[in-house]
Amino acid sequence: MLYRVNPKNGDKISQLGFGCMRLPKRGNQIDYEKSLEIIKSAIDSGVNYFDTAYIYAGSEDTLGKALAQLGARDKVKIATKLPIFLCKTNADFDKLFNKQLEKLKTDRIDYYLLHMLGNTQTLDRLKSIGFHEWVNDKKAQGKIINIGFSYHGDRLEFKKIIDSYDWDFCMMQYNYMDENNQAGKDGLHYANSKGLPVFIMEPLRGGTLANKLPSDAKEVFNRANKERSLAEWSFRWLWNQPEVTTVLSGMNEVNQLNENVKTANSSMVGNLSKEDLGVYAKALEVIKKNIKVPCTGCGYCLPCPQGVDIPTCFSCYNETFSEGYFQAISHYFLHIGAITSKQNYASKCVQCSKCEKHCPQGIKISQRMVEVSKKLEPFWFKPSFSLVRKILNVK
């Protein structure tokens, strides 16, 4: 495994990090045995940075249990996130942090993040209830080694946040499709200029850049190099940049891990040619014509009070433009309740907009759900939906 050095403290961080938001599941629960297998394989392959969060249901518990069983706690750096929306008083900091230590079966967090810090006003609110003193105390005790934040907003606010506190690191969404979105390349360079290591999330945009690209965009990449997978193209673009410290990948299959490790072991700054960079530009022209809603499938918008499966609705809607209407509506029909007990289709949205407060991409979800229902719920949809459920005796 190739490693990059944290300029703040000298830590050698594997340039492929393990994102634990998408650990393998069995039904609605994390599959511990499969998770244990892939976590062990990652560590054996040299991955030493594992990222989780308080709000990733079951993720902290699974990672803590696995590292304890493998006796691997001291081989890795654990990163987890404080749910700042739950912090109303100073006492909440300890309450949440101690729960995380317990779940992770550890006495310290190597890289602790304020989860989805969106603006300096939120940081000021946290400071007003004693965040600064609390962090300094935990660092003095060795319970928090590095303090940082994860971010999904625009580049101007990103710079303000960086300048408003003495951070040890930061995390941002970044990929070749988002080079000029959110914090973007400008934000990446700004953080680096301040001496901060930058950890990258959403390198595949929730899988969009790996398996949901329009067929004509896939062809652009295949014509250039048939040996590289779409995921490899995405990772190589990131590792070509010296400002990137590590790239998180939410791997839930060992074969995904093996492919990413192989790519990580052969990717470094300067690994892309001028011709390669031209391929990304051509593919982007095609992609931008087909992707209508910039949803990454992170699920922060859930649960919806009405039960709408927002990420699936957007995924199927985007498919109508990239893979064709028939395939999209077939997926929509099956995945939003025709054969399951819960019915999660878009027209159940009542425009309450609660979801929009939590969307990292700033999508006007309520408005877009109207588009989804118009596109994917024609006049025959609900009668057919009910008939299929009746035939299959779905209750």
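See above for the structure.
The shown structure was predicted, so the numbers you read here are calculated from the model rather than taken from an experiment.

Visitor: Account for the pattern of salt bridges, with residues named and values stated.
Guide: Evaluation of the coordinates by the stated rule reveals 20 salt bridges. Across the pair Lys-138 and Asp-94 runs a salt bridge whose closest N-O atoms are separated by 2.9 Å. In this pair, Lys-138 is assigned in helix H5 (residues 131-140) and Asp-94 in helix H3 (residues 90-104), connecting sequence segments 44 residues apart. When its relative accessible area of 5% is taken as the criterion, Lys-138 is described as buried. Taking the shortest distance from any N to any O, the salt bridge between Lys-159 and Asp-186 comes out at 2.8 Å. With Lys-159 in helix H6 (residues 155-163) and Asp-186 in helix H7 (residues 184-193), the pair connects residues that are 27 residues apart, well separated along the chain. Taken together, the salt bridges that share partners define one network made up of Arg-73, Asp-74, Asp-107, Arg-108 and Asp-110.

Visitor: I'd like to hear about the packing of helix H1 (residues 32-44) against helix H2 (residues 59-70), residue by residue, with values.
Guide: Here H1 crosses H2 at 60°, and the two axes come no closer than 10 Å. When the interaxial angle is binned, H1 and H2 end up oblique. The handedness of the crossing between H1 and H2 comes out as right-handed. Residues Tyr-32, Ser-35, Leu-36, Ile-39, Lys-40 and Ile-43 of H1 lie in contact with H2, whose contacting residues are Thr-62, Leu-63, Lys-65, Ala-66, Leu-67, Gln-69 and Leu-70. Looking at the contact of H1 with H2, its residues break down into eight nonpolar, three polar and two charged.

Visitor: Any details on the side chain of Gln-182? Residues and values, ideally.
Guide: Within the fold, Gln-182 resides in the loop between strand E10 (169-173) and H7. Judged by its relative accessible area of 14%, Gln-182 falls in the buried class. A polar atom in the side chain of Gln-182 sits 2.7 Å from the side chain of Gln-361. For Gln-182, the contacting residues outside a window of four places in its chain are Tyr-151, His-152, Gly-153, Asp-154, Arg-155, Gln-173, Pro-360 and Gln-361.

Visitor: For the environment of Gly-148, give the residues involved together with the corresponding values.
Guide: Mapping Gly-148 onto the fold places it in strand E9 (residues 144-151). Apart from the residues within four sequence positions on either side, Gly-148 is in contact with Tyr-112, Leu-113, Leu-114, Trp-167 and Phe-169.

Visitor: An account of the packing of aromatic side chains is needed here, citing residue identities and associated values.
Guide: The final tally for this structure, using the stated rule, is 29 aromatic pairs. When the ring of Phe-93 is compared with that of Phe-131, the centres are 5.8 Å apart and the planes differ by 65°; the resulting orientation is edge-to-face. A residue pair is termed long-range when its members are at least 10 positions apart, and Phe-93 in helix H3 and Phe-131 in helix H5 qualify at 38 residues. Comparing Phe-93 with Phe-131, the two get one shared label, buried. Among the aromatic residues, those joined into a ring-pair cluster are Phe-93, Phe-97, Tyr-112, Phe-131, Trp-134, Phe-149, Tyr-151, Phe-158, Tyr-165 and Trp-167. If you follow Lys-65 out to its NZ or CZ, it ends over the ring of Tyr-32, 4.2 Å from the centre.

Visitor: Could you give an account of the pairing of E10, naming the residues involved and the relevant values?
Guide: Judged by how many residues are buried, E10 sits mostly within the fold: five of five residues are covered. With four bridges joining them, E9 and E10 adopt parallel strand pairing. Bridging from a neighbouring strand, Phe-149 pairs with Cys-170 of E10. Considered for its hand, the β-α-β crossover made up of E9, H6 and E10 is right-handed. Relative to strand E11 (residues 198-201), E10 is paired through four bridges, and the arrangement is parallel. Note on E11: the bridge partner recorded for Gln-173 is Met-201.

Visitor: Got a sec to walk through the side chain of Ser-373? Specific residues and values, please.
Guide: Its location among the elements puts Ser-373 in helix H15 (residues 365-376). Among the polar contacts made by the side chain of Ser-373, one reaches the main-chain carbonyl oxygen of Val-370 at a distance of 2.9 Å.

Visitor: So what's going on with H6? Residues and values would help.
Guide: Taken together, the buried positions of H6 are occupied by Glu-157, Phe-158, Ile-161 and Ile-162. Take H6 and look down its axis: the buried residues cluster within an arc of 140°, on one side only. Residues of H6 that are buried sit in contact with helix H4 (120-128), E9, E10 and H7.

Visitor: So, the packing of H6 against H7: which residues are in play, and what are the values?
Guide: Across the interface, H6 lies against H7 with an axial gap of 9 Å and an inter-helix angle of 15°. Here H7 runs roughly parallel to H6, going by the angle between their axes. In terms of crossing hand, the pair formed by H6 and H7 is right-handed. Counted together, Arg-155, Phe-158, Lys-159, Ile-162 and Asp-163 of H6 and Asp-186, Gly-187, Tyr-190 and Ala-191 of H7 form the full contact between these two elements. A breakdown of the residues in the contact of H6 with H7 according to their chemical character gives four nonpolar, one polar and four charged.

Cut-offs applied
- Residues numbered from 1 in each chain as written.
- Predicted model: local features only at pLDDT ≥ 70, side-chain atom pairs only at ≥ 80, totals over all residues.
- Heavy atoms only, no water.
- Salt bridge = Lys/Arg side-chain N within 4 Å of Asp/Glu carboxyl O.
- Helix = DSSP H or I, 4+ residues; strand = E, 2+ residues; numbered from the N terminus.
- Buried < 20%, exposed > 50% of the residue type's maximum accessible area, 1.4 Å probe, protein only.
- Axes fitted to C-alpha atoms, helices over the stretch in contact; angles between N-to-C directions.
- Parallel < 35°, antiparallel > 145°, perpendicular 65-115°, else oblique.
- Left-handed = near helix turned anticlockwise from the far one by under 90°.
- Contact = heavy atoms within 4.5 Å.
- Nonpolar A, V, L, I, M, F, W, Y, C, P; charged D, E, K, R; others polar.
- Polar contact = N/O pair within 3.5 Å; in protein donor to acceptor, adjacent residues only side chain to side chain.
- Phe/Tyr/Trp six-rings, centres within 6.5 Å; stacked < 30°, edge-to-face > 60°.
- Lys NZ or Arg CZ within 6 Å of the ring centre and 35° of its normal.
- Pairing = 2+ DSSP bridges.
- Right-handed = clockwise from strand over helix to strand, strands pointing away.
- Arc of directions from axis to C-beta.

By themselves, these are just geometric observations and shouldn't be taken as functional.
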